[in-house]
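For reference, the chains in residue letters:
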Amino acid sequence: MKRRALIAGTAVLAAGAGCLNDDEPNDDDDAESDQSGPPFEVTTVDAPGSEAGTVSVPTDGQVQLINFIRTTCPTSRGMLSYVGEARDRLADAHDVGPDEEVLVMTVVNGSAGPQPSPSELTDFWIEQDGHWTVGIDEPGALFDHYDVTGTPTTVAVDDTGEVHWRDRGGTTAGNMVEGVERALEESDDDAGESTAGNESASASGNETEAVAAAANER
């Protein structure tokens, strides 16, 4: 894993306390979501820093910083510059991108509230100077799974989908970077403990086999 010192910096808290999600689901969509559990598929759009396709949450071997927004929420829009700063600072220390060890992604709900089409979201992204992955949670399953009741909400999750850091209503780029670093470190610790446990079990098994072999020789 690439580790370089993060560039120190400061950021100002996004103004406001966020926007409550008090919108009703889309009445025109009667189909139930087939995404009852992880991994969830987010439809990404063709926009600056983003490619059309899909992203899975979680993704094996990847920590994800997911920024949930509403396009009509002033605090969500104001927060985007800090998400972009966090993405740039993370890129100074890690491989960042859809297929890399860290992904930064902004997501809108496709089943409730303002529901922009892919082309409308692209236009919005250009207006906001976005330059990282942006997508639509079409069934709203990801919003539901992470209990997003207000925007902006931002989480750092590991490759099992576990949340290691969470904020609602606006925070600094530095806090987002620290949240991702925490997820990376705790994921590494968990992987190390799992490896140590496997090695211990293997050693124990080998010792048992050796004892059995010695008994047979007698």
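Refer to the preceding data block for the structure.
Residues numbered from 1 in each chain as written. Predicted model: local features only at pLDDT ≥ 70, side-chain atom pairs only at ≥ 80, totals over all residues. Heavy atoms only, no water.

On the surface, a cluster of negative charge is made up of Glu 162, Glu 185, Glu 186, Asp 189 and Asp 190. Relative to the assigned elements, Glu 162 resides in the loop between strand E8 (153-157) and strand E9 (163-168). (Patch = residues over 30% accessible without salt bridge, like charges linked within 9 Å, V, L, I, M, F, W, Y side chains within 5 Å. Areas by Shrake-Rupley, 256 points an atom, 1.4 Å probe, with all protein chains shown as cover. Salt bridge = Lys/Arg side-chain N within 4 Å of Asp/Glu carboxyl O. Lys, Arg positive; Asp, Glu negative; His and termini not counted. Charge placed at Lys NZ, Arg CZ, Asp CG, Glu CD. Helix = DSSP H or I, 4+ residues; strand = E, 2+ residues; numbered from the N terminus.)

What follows concerns the state of the cysteines. Note on terminology: disulfide describes a covalent bond linking the sulfur atoms of two cysteines. Evaluation of the coordinates by the stated rule reveals one disulfide. Residue pairing for Cys 19: its cysteine sulfur links by disulfide to Cys 73, the two sulfurs lying 2.0 Å apart. Measuring the twist about the S-S bond at about 85°, one finds the Cys 19-Cys 73 disulfide to be right-handed. Of this pair, Cys 19 sits in strand E1 (residues 19-20) while Cys 73 sits in the loop between strand E4 (63-69) and helix H1 (74-91); the two residues are 54 residues apart in sequence, bridging distant segments of the chain. Given a relative accessible area of 1%, Cys 73 falls into the buried group. (Disulfide = S-S within 2.5 Å. Buried < 20%, exposed > 50% of the residue type's maximum accessible area, 1.4 Å probe, protein only.)

Here Val 57 and Pro 58 are connected by a cis peptide whose omega angle stands at 0°. Counting through the fold element by element, Pro 58 comes out in the loop between strand E3 (53-57) and E4. In this model, Thr 151 is joined to Pro 152 through a cis peptide bond whose omega is 0°. Mapped onto the fold, Pro 152 is located in the loop between strand E7 (150-151) and E8. At Asp 129, a position not held by glycine, the phi torsion is positive, near 60°. With respect to the helices and strands, Asp 129 occurs in the loop between helix H2 (118-127) and strand E6 (133-137). A residue is classified by how much of its surface remains accessible, and Asp 129, at 62% relative accessible area, is exposed. Backbone geometry at Asp 147 places phi at a positive 50°, although glycine is not the residue there. Structurally, Asp 147 can be placed in the loop between helix H3 (141-145) and E7. Relative accessible area serves as the criterion here: at 52%, Asp 147 is assigned to the exposed category.

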